[in-house]
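# Fold and geometry: a report
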Amino acid sequence: MSTKLKTSFAVDSRYNAFYTGGKVQFSKDGSFMLCSSGNQLQILDVQTGRIHSTIGQNEEEEEITSFILSPDDQTLIVAGRNLQLRQWEWKENKIERTWKAVHNAPVTCMAFDSTSTLVATGSADSTIKIWDIIKQYCTHNLRGHTGVVTGVAFHPDIERMQLISAAEDYKIRVWDLMKSSCIAVLDKHFSVITGLQFTEDGDTLYSCGRDSVVVVWDLHSFLCLKTIPVFEPVESVLLLSPNMDYPKLSVVAGEQHFITAGSKGILKVWNTSKAACVYTQEDSPVALAARSREVEESDQRSNITQAIHCPSNGAITVVTFDHYIIMFDLEGFEVKKQFAGYNDDILDIHFLGEQESHIAVATNSELIKVFELSTWNCQILHGHTDIVLSLDVYQKGNLLVSSSKDNSIRLWQIDGDTQKMSCVAVGQGHTHAVGAVAFSRLAPSFIVSGSQDCTIKLWSVPDNHCGNSVTNLHANMTEKAHEKDINSITVSPNDKLLATGSQDRTAKVWNASSLSLLGVCRGHRRGIWCVQFSPVDQCLATSSSDGTIKIWSLSDFTCVKTFEGHDTSVLKVIFLTRGMQLMSSGSDGLLKLWNIKNNECIKTLDEHTEKAWALTANKKGDIIVSGAADSSIIVWKDTTETEIEEAKAKEEDTIIKEQELSNLLQQKKYLKAIGLAITLEQPFRVLNIMKEILSQPTGQQDLADTVLKLRMDQADAVLRFSVQWNTNSKHCHVAQFVLSVVLKGYPPEELMKLPNFKATVEGLLPYTERHFQRMKRLQQQATFTDYTWQCMKLGQSDRVKDNEASHSATNMETENFVGKTQDPKDGASQEMVDETDDLGERIRKAVQQRLKELDQISEKQSGGKTSESEHIEVDKGNGENDGENVITNEKTNLKAKKKNKNKKSDLTDLQRDQEEETSPAEKVTTRLEHAKKKKTKKGFKTPDSMNKRKVHSKENGITETNRSSKRRKSSAK
């Protein structure tokens, strides 16, 4: 037994319900069997017993009422309750066409002709329609029956163009398809007609019904040749070849024989000429099942619902009412293979056989089913008369014990040669249903059982087990164990202890030899469903309806660990990996794998859809079998080692491919690099490669050519990657470019064939719309910016002309000003004249600077932007230099900026200058006058005032130096 912790299990095989009623049909070679299961048609591989394929996996489809497979094995027609016919290519699981049946009620039966071109449909509306499969139209509409049509069949000789039909009006009608009329009515039955069979020459027809007779008809004269009573309601009649001998069946060549199958559940062989039964099947499993259910002779329920003769596999297949399909050897009616079409709820499962090649399954039935895992061949164990609730197997695998609602337990033994099981002992003594049973571990010495009568019994096992006779088991001890039903019971690995779990929320540990109570484990809030001893440690595991699993110490019966993870009741728990792990199953269908050391659930298996009642593991612990109320049995295989090896191989392969990708990028083989990155599922690596291509001078054309060279599956992957790129505005341009190239470069028909194209388009649309809106807003803003710039260029050209005119006007004004200062009456010296020239130059520059600042203010205000603080400095020279530099003071201008009236006046003056049609010199003069008035109001000195003050101060012998310095300080403050 492996001690390495397991981390994963995968489904190795499963056995689901594949037949829930209706007809069964074989393929031409007998390798496949077609069975209806609700709204699906299951195709079963006869050799392996596994479902090969499923027809109609859409859950919204209506229930299947009838189906037929063509004689050439090519066409399958399926009819449903929605009154539609569907034509399938069943080998490829592809539907070819669907059309309305034009019936007013569901189709109940169908038949193909020998050429596989015509199909007849009989309906519950008493009509029959014939369809041409090749030309796809209805050729005949036959009316005449007064009840539900129960059977239709084409005459084997296609040249006769005849159709035979039977209905619940107890009549058989013969239709001439050339005239579309009924040419004969065969009336000899007094109950529902269930079967029609033609002889090899096509001259004779055999019909059977629930009136317990078989009628032989001449198809030339349409007269009754013979009526043979068979003394039971018959569901099917099969004809044996008159050229074959079957000594075991007392069939001699040269005479016509037929086989009947009906309500008694046995096959009978009849001689037509003698009208006598020549062979009756013995020990039929169908009849044994009927006897185990204590079916009375007066019960008219048919045990066999259909019998099929498949010449290719040389067997007669019988379908029973409880969904068993049994294949009998035609030589002596020996069972060749048996399938369970529907298992109902799976209540318990255990491995069986020395090689653990079989599993014993208790279903919601009085029968025990033993499956061979390789072929799913099923053996039925008859004996209990009520539902079997629990099973247990001796560790060597050759003994099986079962408990049932019939208040008894049974001991079964498997034959090592034939692998057949038989009951060898029966134990009776409980007064209520026996819900739990367990075998001893070291030796098959005793059996312990727990019942709904709240007692446990210890049974001794006889030493000699003879399969030919059934002995009685005796209870050595009986003990009242719990206050409520006992749900589970188990034996310790050394056969010294017993443990029981009950609905009274307690688990109890008992001495196996004396049934004395050793301890009680209390802690669960609800009833306990399962108890299990650890195979190594001295501890006990319990699972409860409170959704928890607890481990109890056997030394002091205290809880040492609690596992919480199931949201519903935990129905079963087993130990794995030498007691280091647990596997549990819940009523939600989930299986969970736990590590005991750290209380961690490391794996959850979700395959069942209903309550998972049954769970078992083989001795090695690498195979687990689970069963649930969804009628499915799943075989799980340990895949821990496989996954580790696959992960290592995948990592190595990834490293190699990464290196190869780097080499391709270095060599600039972008097409191969993109394909390799797609294989590695690295969308952003592909994005970087495409960006690298776009960075080249002819990047767009190169990228377009590269994308168009990709295979369709690679193009699909690139589109799928572009959905991720498109979510980010940084990468959306590449995504949109790739999308554009793909949509323009590939035809729409090929794009629609891509598996992920629809999902890709749905993922691209929202973000593409968002990017489009963003680009639209950017385009509007760019247009507005361009418009503003054009307006600014036009205004700038006008201002340049105004500035040139203002320069000339300023020069003229300065000359006039200088001329006044050079009055000869003043008696000023030549030095005064030079100083005056310098002053005039400085004044001219100051005025020009001020004009430029005013232009800047106007431009900024016209562009909708607030101008920054204007820097105007006013420098005053001392009296000795006879000149003062007029500049703008920063703080003074900030205060002026806050006064909106001054701003508006400046803007108004500028606008007035632009509107008035005056000469440039007049504009400059007017602008200077306005500026002088503003500066005089704010404390600024004009050149005239400065000169007058200067002359006056010299006359009085007082300089303005101190005053100017004081004013400078005050303005700074």
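Keep in mind that this is a model prediction, so the values were computed, not measured.

The rules we used
- Residues numbered from 1 in each chain as written.
- Predicted model: local features only at pLDDT ≥ 70, side-chain atom pairs only at ≥ 80, totals over all residues.
- Heavy atoms only, no water.
- pLDDT = per-residue confidence, 0-100.
- Helix = DSSP H or I, 4+ residues; strand = E, 2+ residues; numbered from the N terminus.
- Contact = heavy atoms within 4.5 Å.
- Pairing = 2+ DSSP bridges.
- Axes fitted to C-alpha atoms, helices over the stretch in contact; angles between N-to-C directions.
- Buried < 20%, exposed > 50% of the residue type's maximum accessible area, 1.4 Å probe, protein only.
- Core = buried A, V, L, I, M, F, W, Y, C linked by side-chain atoms within 4.5 Å.
- Salt bridge = Lys/Arg side-chain N within 4 Å of Asp/Glu carboxyl O.

Quick look at the confidence of the model for the chain now. Residues of the chain with pLDDT of at least 70 account for 80%, and the chain-wide mean is 82. Mean pLDDT values over the elements of the chain span from 43, in helix 14 (residues 943–955), up to 96, in strand 11 (residues 118–123). Scored below 50 in pLDDT, residues 295–300 shows four contacts in the model against residues more than four places distant or in partner chains. Low pLDDT, under 50, characterises residues 816–833; the stretch is placed with twelve contacts to residues that sit more than four places away or in other chains.

A few words on the sheet that holds strand 28 (residues 324–329). Taken in spatial order, the four strands line up as 26-27-28-29 in an open sheet, and their pairing is antiparallel. Looking at which strands have only one partner, the edges of the open sheet turn out to be strand 26 (304–310) and strand 29 (335–340). Direction aside, neighbouring strands of the sheet carry axes that sit 15° apart on average.

Our focus in this paragraph is the environment of Pro766. Its location among the elements puts Pro766 in helix 9 (residues 757–821). Assessed through its relative accessible area of 48%, Pro766 is described here as partly exposed. Distance from Pro766 to Asn726, taken between C-alpha atoms, is 9.6 Å for residues 40 residues apart in sequence.

This part covers the nonpolar core. If you look at the biggest cluster of nonpolar residues, it comprises 51 residues, and the most contacted ones within it are Met33, Ile359 and Ile633. Considering every element that reaches this core, the biggest residue donor is strand 28, with five residues. Once you skip the residues sitting within four places of it in the chain, Ile359 turns out to touch Ile349, His350, Phe351, Leu352, Lys369, Val370, Phe371, Leu373, Trp376, Val625 and Ile633. Grouped together as the second largest cluster of nonpolar side chains are 37 residues, Ala673, Ile674, Leu676 and Leu764 included.

Moving on: the pattern of salt bridges. Across all of its chains, the model carries twelve salt bridges by this definition. In this structure, Lys4 and Glu641 form a salt bridge, with 3.3 Å as the shortest nitrogen-oxygen distance. Taken together, the positions of Lys4 in the segment before strand 1 (9–15) and Glu641 in helix 2 (residues 640–666) put the pair 637 residues apart, joining distant regions of the chain. Residue Lys4 is classed as partly exposed on the basis of its relative accessible area of 43%.

Let's shift gears to unusual backbone geometry. For residues besides glycine, phi is generally negative; the peptide bonds are generally trans as well. You will see that Asn93, though not glycine, has its phi angle at about 55°, which is positive. Within the secondary structure, Asn93 is located in the loop between strand 8 (84–89) and strand 9 (94–100). A positive phi is found at Ser116, a non-glycine position, where the angle reads about 60°. Within the fold, Ser116 resides in the loop between strand 10 (107–112) and strand 11.

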